[in-house]
Amino acid sequence: MELIAAPYHLNDKAKNIQPILSVEKTKIINIQLQPGETVPEHAVDADVAIIARSGKVNFTVEGKTVEVSPQQVLYMAPLEKHSLAAVEASDLMVVQTKR
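None of the values given here were measured: they were computed from a predicted structure.

(A) How the structure looks around the environment of Lys-15. With respect to the element layout, Lys-15 can be found in the segment before β1 (16–23). Overall, the relative accessible area of 37% leaves Lys-15 in the partly exposed class. For the pair Lys-15 and Ile-31, spaced 16 residues apart in the sequence, the C-alpha separation amounts to 7.5 Å. Non-local contacts of Lys-15, meaning those with residues more than four positions away in its chain, are made with Gln-32, Leu-33, Glu-37 and Thr-38. Engagement of the side chain of Lys-15 in a polar contact is seen with the backbone oxygen of Thr-38, the distance being 2.6 Å.

The structure is reproduced here in structure tokens:
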């Protein structure tokens, strides 16, 4: 067992993107954004689950925009092009799993 810290950094600085864990085919990344901050369009060769711990973020996936908040989990298939923009100060966990 290993307990891994994922501290909240937005009180100290702007955008924070930090790898949390990488084991075999799974990678977990913590993304923290201030309102208005963005991540440009990109694609990942893995299944991706986005879990919002706090805040609201608009994700544009293959041209369609959805708002992700702590009440949802966003799933994206491998190679789906996506970008994101924070609506509120937001803390996200990104789980990427290679097939």
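(B) Representation of the pattern of salt bridges. Evaluation of the coordinates by the stated rule reveals 3 salt bridges. A salt bridge links Arg-53 to Asp-91; the nearest nitrogen and oxygen atoms lie 2.8 Å apart. Linking Arg-53 in strand β4 (residues 47–54) with Asp-91 in strand β9 (residues 90–97), this pair joins segments that are 38 residues apart in sequence. Judged by relative accessible area, which is 4%, Asp-91 ranks as buried. The shortest N-O distance in the salt bridge between Glu-88 and Lys-56 comes to 4.0 Å. Of the two residues, Glu-88 sits in the loop between β8 (82–86) and β9 while Lys-56 sits in the loop between β4 and β5 (57–61), which places them 32 residues apart along the sequence.

The rules behind these values
- Residues numbered from 1 in each chain as written.
- Predicted model: local features only at pLDDT ≥ 70, side-chain atom pairs only at ≥ 80, totals over all residues.
- Heavy atoms only, no water.
- Helix = DSSP H or I, 4+ residues; strand = E, 2+ residues; numbered from the N terminus.
- Buried < 20%, exposed > 50% of the residue type's maximum accessible area, 1.4 Å probe, protein only.
- Contact = heavy atoms within 4.5 Å.
- Polar contact = N/O pair within 3.5 Å; in protein donor to acceptor, adjacent residues only side chain to side chain.
- Salt bridge = Lys/Arg side-chain N within 4 Å of Asp/Glu carboxyl O.

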